[in-house]
Amino acid sequence: LKVEHILVVGHYGCGGVHASMTGARVGLADNWLRHVGDVAYKHSALLQSIELETLRHAALCELNVIEQVQNLCQTTIMEDAWARGQKVAVHGWVYSLLDGRVRELGMDVSGSAELDTVYAEALARLSTRDEMVALLEQMLDELVDPHAQLNVNLATSPRLVPSGTDLWAAWQ
C-alpha cells in the first residue's frame, strides 16, 4: 500500500440500504447488498429500538460503514501493512446528500491493536442517537416549507412528524 489514509464512505438515503431494509430485489447488486442485510441482522436489537424508519435507515447506513471499516481492517492486506510498520489509517464516514456534509463516525483505525476499542466506542456513540436526532431535525427544517409553523423536536416528541410526511421520498 502506498497510501496513508483509506476512507470508507457511506451516504444517508442510500437506495441499497433501503432495498436491504425492505427486502426489495434490485438485481445483480443484491449480491453486494447481502452484507448490509448481515449488518442489519447483527445489530437488529439496536435497529428495532429506533421507532422512526428514517432514523433506522440512517443508523443502518452508519452501522454498515462501521462494519465495513472493521472488515477492511481485518484483511491480511491491512494486517500485513501494519505489521511492517506502515503508517496507514482507515476512516469511516457518512455523507449527507441533503446538506453535503461528511460526518465522522469515530471509526478511525491506525493499527490492529486499537480496532476492538475503536469499534466498541463507535457503536456506543451510535446507540446514543443524539446526533442522529439533531441531523433529522435539521433535515426536516430544510424539507418543511419555511412559511409553515412546524416546530419538530424529535428528542422530546418523536410522534410530531406530520402524518403523511414521507421522509424517504424526500431524501431521494
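This is a predicted model, so every value here is computed, not measured. (Residues numbered from 1 in each chain as written. Predicted model: local features only at pLDDT ≥ 70, side-chain atom pairs only at ≥ 80, totals over all residues. Heavy atoms only, no water.)

We now examine the environment of tryptophan 93. Tracing the backbone through its elements, the reader meets tryptophan 93 in strand 2 (residues 89-95). Put simply, tryptophan 93 and isoleucine 66 are 27 residues apart on the chain and 8.5 Å apart in space, counted from C-alpha to C-alpha. With residues near it in sequence (within four places) discarded, tryptophan 93 still touches Leu7, Val8, Val9, Gly10, Val65, Val102, Arg103, Glu104, Leu105 and Asp108. (Helix = DSSP H or I, 4+ residues; strand = E, 2+ residues; numbered from the N terminus. Contact = heavy atoms within 4.5 Å.)

Here aspartate 108 is to be found in strand 3 (residues 102-109). As for aspartate 108 and tyrosine 119, which are separated by eleven residues in sequence, their C-alpha atoms are 8.8 Å apart. Once residues within four sequence positions are removed from consideration, aspartate 108 is found in contact with Val90, His91, Gly92, Trp93, Glu114 and Val118. Polar side-chain contacts of aspartate 108 include one of 2.7 Å to the side chain of histidine 91. (Polar contact = N/O pair within 3.5 Å; in protein donor to acceptor, adjacent residues only side chain to side chain.)

The predicted coordinates of low-pLDDT regions are not to be read in fine detail. Of all residues in the protein chain, 73% attain a pLDDT of 70 or more, and the chain-wide mean is 81. Across residues 147-172, confidence stays below pLDDT 50; counting only partners more than four residues off in sequence or on other chains, it has 37 contacts. (pLDDT = per-residue confidence, 0-100.)

With that settled, consider the packing of helix 1 (residues 15-22) against helix 4 (residues 53-73). Contact geometry of helix 1 with helix 4 gives a least axis separation of 10 Å together with a crossing angle of 115°. Of the possible angle classes, the one that applies to helix 1 and helix 4 is roughly perpendicular. Considering how the two elements wind past one another, helix 1 and helix 4 form a crossing that is right-handed. Mapping the contact onto sequence places Val17, His18 and Met21 in helix 1 and Glu53, Arg56, His57, Leu60 and Cys61 in helix 4. Class assignment of the residues belonging to the contact of helix 1 with helix 4 gives a composition of four nonpolar, two polar and two charged. (Axes fitted to C-alpha atoms, helices over the stretch in contact; angles between N-to-C directions. Parallel < 35°, antiparallel > 145°, perpendicular 65-115°, else oblique. Left-handed = near helix turned anticlockwise from the far one by under 90°. Nonpolar A, V, L, I, M, F, W, Y, C, P; charged D, E, K, R; others polar.)

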